[in-house]
Amino acid sequence: MVALTGLERVSGAATRPRAWRGVVFLLAGAYFLIPLCTSFWYTVYTPTVGVSPAAYGELLTADGFVRSLSLSLGLAVATIALVLLLALPAMLAVRLFAPRLRPVMEVLCTLPLVVPPITFVAGIGTSLRIGTEVLAPTPFWATLIAVQDPAFPVVLVLAYMVLVLPFVYRSLDAGLRTMDVRTLVEAARNLGASWPYVLVRVIVPNLRSALASASFLTLALVLGEYTVASLLGYEPFAVWIVTVSGSKGQLSVAVSILSLLLIWLLLLAVSTVFGKEKGK
């Protein structure tokens, strides 16, 4: 009897956490799905017409949709490539050769979190205006004008690199903490590998999950960023959605839902692929 009572207590204690996990999962699902379903209903229902998917049919033919989405995707790809090329070698150099500088680097990389975006973009705008006046007599004036080209504003890429740096740093730092970087690098160098080979063929394959997380955090931020692009006078995807919402509310909400679903599907695909690789 005593043994049975103990087993019943253990089984009851194991059942309660499972029940709580189910409740938390249902609450989290309701928190995300109820607003999404409500937004979807708004896009397909009007009191005069009833249920109609016309808002989704207008997407591809909407003025500025393809142009703004292509611009945002191009800015995202450029931002991902440049911020990873900047952050990963710097983090490796600090970790291997100057470990005492890690706190300093952490503070510098997380500093954009405490700077309000409106202050950040005001500083960029002032710098561009003063720089145009100062550099007008020099050959650098053409370069400054080129980085502000509306077709592909490089200045937005530079601004987004600063905004995503805290998230990229945290993702890469978590990945580097799970591996013995010094041992891997020393072993590869002792076998005659060059530094570029060590970075591309030794470090990067062990950081695929961290690199994927940093990339998709950057993609999500660039696709949803509004303040910097709007105040600097450009029209990527997020700014176009807000512009369209003034005249076509259903269309803007439909675009927002599709962009959310696209990002979620990409994240799910990446987590599934890397989950299988870890299982192997």
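## Notes on the overall build of the protein chain
Helix and strand counts for the protein chain stand at 13 helices and two strands. In the protein chain, buried positions account for 33% of the 280 residues. For the protein chain, the proportion of contacts with a sequence separation of at least 24, taken over those separated by at least 6, is 75%. By element, 71% of the accessible surface of the protein chain is carried by carbon and sulfur atoms, the whole surface being about 17,100 Å².

## Here's the deal with the environment of glycine 57
You can see glycine 57 is positioned in helix H2 (residues 54–57). Separated by 197 residues in the primary sequence, glycine 57 and alanine 254 place their C-alpha atoms 9.9 Å from one another.

## Some details on helix H4 (residues 102–110)
Listed in full, the buried residues belonging to H4 are Met105, Cys109 and Thr110. Buried residues in H4, looked at end-on, bunch into an arc of 120°, giving them a common side. Turned more than 90 degrees off the buried face of H4, the exposed positions are Val107 and Leu108.

## Observations regarding helix H8 (residues 181–190)
Those residues of H8 not exposed but buried are Val181, Val185 and Ala188. Down the axis of H8, the buried set is contained in an arc of 70°. They therefore lie on one face. Buried positions along H8 lie against helix H3 (65–97), helix H7 (154–177) and helix H9 (195–206). In the stretch just after H8, glycine 192 is the one whose phi turns positive, near 95°.

## Side note on a nonpolar patch on the surface
The grouping of Tyr31, Phe32, Leu33, Leu258, Leu260, Leu261 and Trp264 at the surface amounts to a nonpolar patch, some 700 Å² of accessible area in total. Contributing elements (two or more residues each) for the nonpolar patch: helix H1 (2–44) and helix H13 (249–279). The dominant element in the nonpolar patch, judged by the number of residues it contributes, is H13, at four residues. Topologically, leucine 260 is positioned in helix H13.

## A word on the packing of H3 against H8
Across the interface, H3 lies against H8 with an axial gap of 10 Å and an inter-helix angle of 95°. As far as their axial angle goes, H8 and H3 are roughly perpendicular. Along the contact surface, H3 presents Leu92, Arg95 and Leu96, while H8 presents Val181, Arg182 and Val185. Class assignment of the residues belonging to the contact of H3 with H8 gives a composition of four nonpolar, no polar and two charged.

## Considering the packing of aromatic side chains
Any aromatic ring pair is given by two values, namely how distant the centres are and how the planes are angled relative to each other. The final tally for this structure, using the stated rule, is five aromatic pairs. When the ring of phenylalanine 97 is compared with that of tryptophan 195, the centres are 5.9 Å apart and the planes differ by 70°; the resulting orientation is edge-to-face. In this pair, phenylalanine 97 is assigned in helix H3 and tryptophan 195 in helix H9, connecting sequence segments 98 residues apart. Of the residues examined, phenylalanine 97 reaches a relative accessible area of 59% and is grouped as exposed. By relative accessible area, which is 39% here, tryptophan 195 ends up partly exposed.

## Looking at empty space enclosed by the protein
Summed over the entire model, instances satisfying the criterion amount to one cavity of 30 Å³ or more. As a volume, the largest cavity reaches approximately 50 Å³. If you go around the largest cavity, the residues you meet are Met91, Val94, Arg95, Arg102, Met105, Tyr169 and Asp173. Taken together, the residues that form the lining of the largest cavity break down as four nonpolar, no polar and three charged.

## A short note on the pattern of salt bridges
Evaluation of the coordinates by the stated rule reveals five salt bridges. With a closest N to O distance of 3.1 Å, arginine 95 and aspartate 173 form a salt bridge. Of the two residues, arginine 95 sits in helix H3 while aspartate 173 sits in helix H7, which places them 78 residues apart along the sequence. Given a relative accessible area of 16%, arginine 95 falls into the buried group. Overall, aspartate 173 belongs to the buried group, its relative accessible area being 6%. Salt-bridge contacts for aspartate 173 lead to arginine 102; the nearest nitrogen and oxygen are separated by 4.0 Å. Placement of the pair is aspartate 173 in helix H7 and arginine 102 in helix H4, with a sequence separation of 71 residues. Classification of arginine 102 as partly exposed rests on a relative accessible area of 25%. Salt bridges here are not isolated pairs; linked through shared partners, they connect Arg95, Arg102, Asp173 and Arg177.

Parameters at a glance
- Throughout this description, residue numbers start from 1 for each chain and increase along the sequence as written.
- At least 70 in pLDDT is required for a residue's local features to be given in this predicted model, at least 80 for side-chain atom pairs to be given and counted, and no such filter applies to totals for whole chains, interfaces and linings, which use all residues.
- Only hydrogens and water are removed before side-chain values are computed, so all heavy atoms of the structure are retained for them.
- Each helix is a run of H or I in the DSSP string that is no shorter than four residues. Each strand is a run of E no shorter than two, and both are numbered from the N terminus.
- When a residue's accessible area, from a 1.4 Å probe over protein chains only, is under 20% of the maximum for its type it is buried; when over 50% it is exposed; and in between it is partly exposed.
- Residue contacts follow a heavy-atom distance rule, with two residues in contact if any of their heavy atoms lie within 4.5 Å.
- To measure how exposed things are, a 1.4 Å probe is used in the Shrake-Rupley method; for residues, cover is taken only from the protein chains shown.
- The reported arc concerns the directions from the helix axis to the C-beta atoms and nothing else.
- For patch building, the residue pool is restricted to those with more than 30% relative accessible area and no salt bridge; the joining distance is 9 Å between like charges and 5 Å between nonpolar side chains (Val, Leu, Ile, Met, Phe, Trp, Tyr).
- Salt bridges are defined by distance alone: a side-chain nitrogen of Lys or Arg within 4 Å of a carboxyl oxygen of Asp or Glu.
- Axis angles are defined between N-to-C directions and span 0 to 180 degrees, where every axis is a line fitted to C-alpha atoms and, for a helix, only to the segment in contact.
- In these notes the angle categories are as follows: under 35 degrees is roughly parallel, over 145 is roughly antiparallel, 65 to 115 is roughly perpendicular, and the rest is oblique.
- Under the scheme applied here, ten amino acids are nonpolar (Ala, Val, Leu, Ile, Met, Phe, Trp, Tyr, Cys and Pro), four are charged (Asp, Glu, Lys and Arg), and all others, including Gly, are polar.
- Ring pairs shown here join Phe, Tyr and Trp side chains whose ring centres sit within 6.5 Å, with only the six-membered ring taken for Trp; geometry is labelled stacked below 30 degrees between planes, edge-to-face above 60, and tilted in between.
- Here the term cavity refers to a set of points on a 1 Å grid, laid over the protein atoms alone, in which a 1.4 Å probe fits but cannot get out; the term pocket refers to an open set having protein on both sides within 12 Å along at least five of seven lines, with lining residues being those that place an atom within 4 Å of a point.
- Grid points are joined across faces, edges and corners, and a volume is the space filled by probe spheres set on the points.

Limitation: the analysis is restricted to geometry and does not speak to function.
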